[in-house]
Amino acid sequence: MQYKDYYKIMGLERNATTDDIKRAYRKLARKYHPDVSKEANAEERFKELGEAYEVLKDTQKRASYDQLGSNWQNGQDFRPPPGWQHFGGEAQGNGEGGFGGFGGSASDFFESLFGGGGFGGGGRQRQRREYSTPGEDYQGKVKVSLEDAFIGATREIQLPIQEMSADGRPHIVTRKLKVKIPAGVKSGQQIRLSGQGAPGMGAGKKGDLYLEIDIEKNPLYDVVGNDVYLTLPVAPWEAALGAKISVPTLAGKVDLKIPAGSQGGQKMRLKGRGMPGSTPGDQYVILKIIIPQPTTDKAKGLYEQMAQEMPFNPREKMGA
C-alpha cells in the first residue's frame, strides 16, 4: 500500500485554505468528470480527486492526515503511526461532490487511515456509478448609486451565462435576475445569490452567484466607512457673521448653523446622517469660503472699503 499525497493530487500546497481546496476540486472535477472528459484516465482521476477532497475539506480528517507530515514520501509503504485513531463507521460524503455522489469504494490507503467500508455505504463492492459535481460559482459586478446604497433598492440585472443545449453544445443565454440591494451596502461588498451559478453534473447542486457592489462616484458626497463627507460652499459674510444654511444630506435637507467667525476648511458634524448600519455613520460638512468676483465699480469699492476698515494680513504668521 502506497502513501497518497492528497495535496499533490489536487495541485495544492499544504497550507491551502478551505476556499482553495473547494476551487481546486471544482476545477479538476469538471475536467475529469467521466460524463464529459476525453482524458483516458478520467474515471480513475475523478475517483482520486473525490477521495482527496473528502479528506482535505474535512477539518478533522485533514488534521489527522497532516500528522503524517514529511515522514512519508511518495512510493513508501504506509503504516499508521502509534496511537493513530481511525474514524469509525462509514466515511460519508456530504453530497457536495467527492465520493458522496460517486458511489465507489475508497482506496486501501484511505481505509487504513479512517476505517469504514467505503463511500456511499457500499463497502468494497463496486456499485452503479452516479457521478455528481457541484456547479461553478459565477462572479459579477453591479453598479449602484450612492442614494440606492443609502436607502436600499431592487435592481434587475441581465446575466450572460453558458448553457448546454440538448445536443450537448454550449451556447450563451441571457438570464434576468432581480437583486435586492440592502441599505448601507458598501463598495467591494459581495451579495450571494444561492443556486444562481452554473448547474451541477448528475446530482451535484448548482453553484452560487456572487455580485460585487460598485458604488458610483457621487458629485456631492464622499464616503469613508459609514461616514459621509460634503464640501459646503459659503459666502464670506456667512462665515464672518454666522448664518443658518440649508444643507443637503442623503436623507434630505437639514438646517445647519454656521458660527460667526468660521474659517474655510472647518469641519462640522451632523450626527447620524451618514450611511446606515449597526452603528450609523455621521455626515461631516467641510466649509469652503467662496469669494464673489467684484464685477462692478460699486463692488470694487466695497472691497477697498473692507481693506481700509479691516487691515488684515493672513500671512503674518508666516513672517511674510
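Provided above is the structure to which this section pertains.
Residue positions are given per chain, counted from 1 along the sequence in the order it is written. Reporting of local features is limited, given that this is a predicted model, to residues whose pLDDT is at least 70; pairs of side-chain atoms are given and counted only at 80 or more, and all residues count toward the totals for whole chains, interfaces and linings. Think of the side-chain values as coming from all heavy atoms in the structure, minus any hydrogens and water.

What follows deals with the overall build of the protein chain. Helix and strand labels come from DSSP, where a helix needs a run of H or I of at least four residues and a strand needs a run of E of at least two; each type is numbered from the N terminus. Looking only at helices and strands, one finds nine helices and eleven strands in the protein chain. Counting across all 320 residues of the protein chain, residues that qualify as buried make up 38%. All accessible-area figures derive from a Shrake-Rupley calculation using a 1.4 Å probe, and residue coverage is judged against the displayed protein chains alone. Carbon and sulfur atoms form 49% of the exposed surface of the protein chain, whose accessible area is close to 19,200 Å². Three exposure classes are used, based on accessible area relative to the maximum for each residue type with a 1.4 Å probe and protein chains only: buried under 20%, partly exposed in between, and exposed over 50%.

Another point: the packing of aromatic side chains. For this analysis, a ring pair means two rings from Phe, Tyr or Trp (six-membered ring only for Trp) whose centres lie within 6.5 Å, classed as stacked if their planes differ by under 30 degrees, edge-to-face if by over 60, and tilted for the remaining angles. Tallying each qualifying case throughout the model produces two aromatic pairs. With centroids separated by 5.2 Å and ring planes inclined at 20 degrees, the aromatic side chains of Y229 and Y284 adopt a geometry described as stacked. Placement of Y229 in strand β7 (residues 227-234) and of Y284 in strand β11 (residues 283-289) is noted, with a sequence separation of 55 residues between them. Judged by relative accessible area, which is 23%, Y229 ranks as partly exposed. Take Y284: its relative accessible area is 17%, and that puts it in the buried class. Definition used: whenever NZ (Lys) or CZ (Arg) falls within 6 Å of the ring centre and also within 35 degrees of the ring normal, the charge is taken to sit over that ring. The ring of Y32 has R45 sitting right over it, with the charged end atom 4.6 Å from the ring centre. The ring of Y284 carries the charged tip of K267 above its face, separated from the ring centre by 5.1 Å.

At least two bridges found by DSSP between two strands are what make those strands a pair. What the four strands build is an open sheet, ordered β6-β7-β11-β10; its pairing is mixed. Unpaired on one side and paired on the other, β6 (221-224) and β10 (267-270) mark the two borders of the sheet. This sheet shows a mean twist of 30 degrees between the axes of neighbouring strands, independent of strand direction. Inspection of the sheet shows β7 paired to β11 by seven bridges, in the parallel sense. In the sheet register, L232 faces β11, and the bridge partner there is L287. Comment: axis = line fitted to C-alpha atoms, over the contacting stretch for helices; angle = value between 0 and 180 degrees taken between N-to-C directions.

In this analysis the probe radius is 1.4 Å and the grid spacing 1 Å, with only protein atoms considered; a cavity is a set of points the probe fits into but cannot get out of, a pocket is an open set with protein on both sides within 12 Å along at least five of seven lines, and lining residues have an atom within 4 Å of a point. Grid points are joined across faces, edges and corners, and a volume is the space filled by probe spheres set on the points. Of the voids in this model, the largest pocket is the one considered here, and its volume is about 730 Å³. Lining the largest pocket are 21 residues; nearest its centre among them are P236, A240, I291, M306 and M310. When contributions to the lining of the largest pocket are tallied by element, the ones reaching two or more residues are α8 (236-241) and α9 (297-309). Polar here means any residue outside two lists: the nonpolar Ala, Val, Leu, Ile, Met, Phe, Trp, Tyr, Cys and Pro, and the charged Asp, Glu, Lys and Arg; Gly therefore counts as polar. Classifying every residue of the lining of the largest pocket gives 17 nonpolar, four polar and no charged.

The subject of this paragraph is the pairing of β10. Across the two faces of β10 the burial differs, with M268 and L270 buried and K267 and R269 not buried at all. Pairing of β10 with β11, which is carried by four bridges, proceeds in the antiparallel orientation. Looking at the pairing, M268 lines up with V285 of β11.

Another point: the environment of Y32. Checked against the element boundaries, Y32 lands in helix α2 (residues 18-32). Counting along the chain gives 14 residues from Y32 to F46, while the straight-line C-alpha distance between them is 5.5 Å. Here, residues are in contact when the closest pair of their heavy atoms is within 4.5 Å. Excluding anything up to four places from it in sequence, Y32 contacts S37, E39, N41, A42, R45, F46 and L49.

Let's shift gears to the environment of G188. Along the chain, G188 turns up in the loop between β3 (170-181) and β4 (190-193). Along the backbone, G188 and I213 are 25 residues apart, and their C-alpha atoms lie at a distance of 5.3 Å. Those residues in contact with G188 that sit more than four places away from it in its chain are E212 and I213.

With that out of the way, let us pick up the environment of V185. Mapped onto the fold, V185 is located in the loop between β3 and β4. Judged by relative accessible area, which is 1%, V185 ranks as buried. With 30 residues separating them along the chain, V185 and I215 place their C-alpha atoms 8.9 Å apart. Residues contacting V185, with those up to four places away along its chain left out, are A149, I213, I215 and M275.

On to the sheet that holds β4. Taken together, the three strands give an open sheet; going across it, the order is β1-β5-β4, and neighbouring strands pair in mixed fashion. One side of each edge strand has no neighbouring strand; the edge strands of this open sheet are β1 (138-144) and β4. Adjacent strand axes in the sheet meet at a mean angle of 30 degrees, parallel and antiparallel pairs treated alike. Judged from the four bridges that link them, β4 and strand β5 (residues 209-215) form a sheet pairing that is antiparallel.

Let us look at the side chain of S262. Among the secondary structure elements, S262 is positioned in the loop between β9 (254-258) and β10. N or O atoms within 3.5 Å of each other form a polar contact, as long as, within protein, one can give a hydrogen and the other can take it, and as long as residues adjacent in sequence are counted only when both atoms are side-chain atoms. A polar side-chain atom of S262 sits 2.6 Å from the main-chain carbonyl oxygen of P259.

Another aspect to go through is the pattern of salt bridges. Here, a salt bridge means any Lys or Arg side-chain nitrogen found within 4 Å of an Asp or Glu carboxyl oxygen. Following the criterion strictly, the structure yields eight salt bridges and no others. Between D137 and R26 there is a salt bridge, with its nearest N and O atoms 2.9 Å apart. Of this pair, D137 sits in the loop between α6 (108-114) and β1 while R26 sits in helix α2, and the two are 111 residues apart along the sequence. For R26, a relative accessible area of 8% gives the class buried. Where E54 meets K57, a salt bridge forms, and the shortest distance between an N and an O atom there is 3.9 Å.

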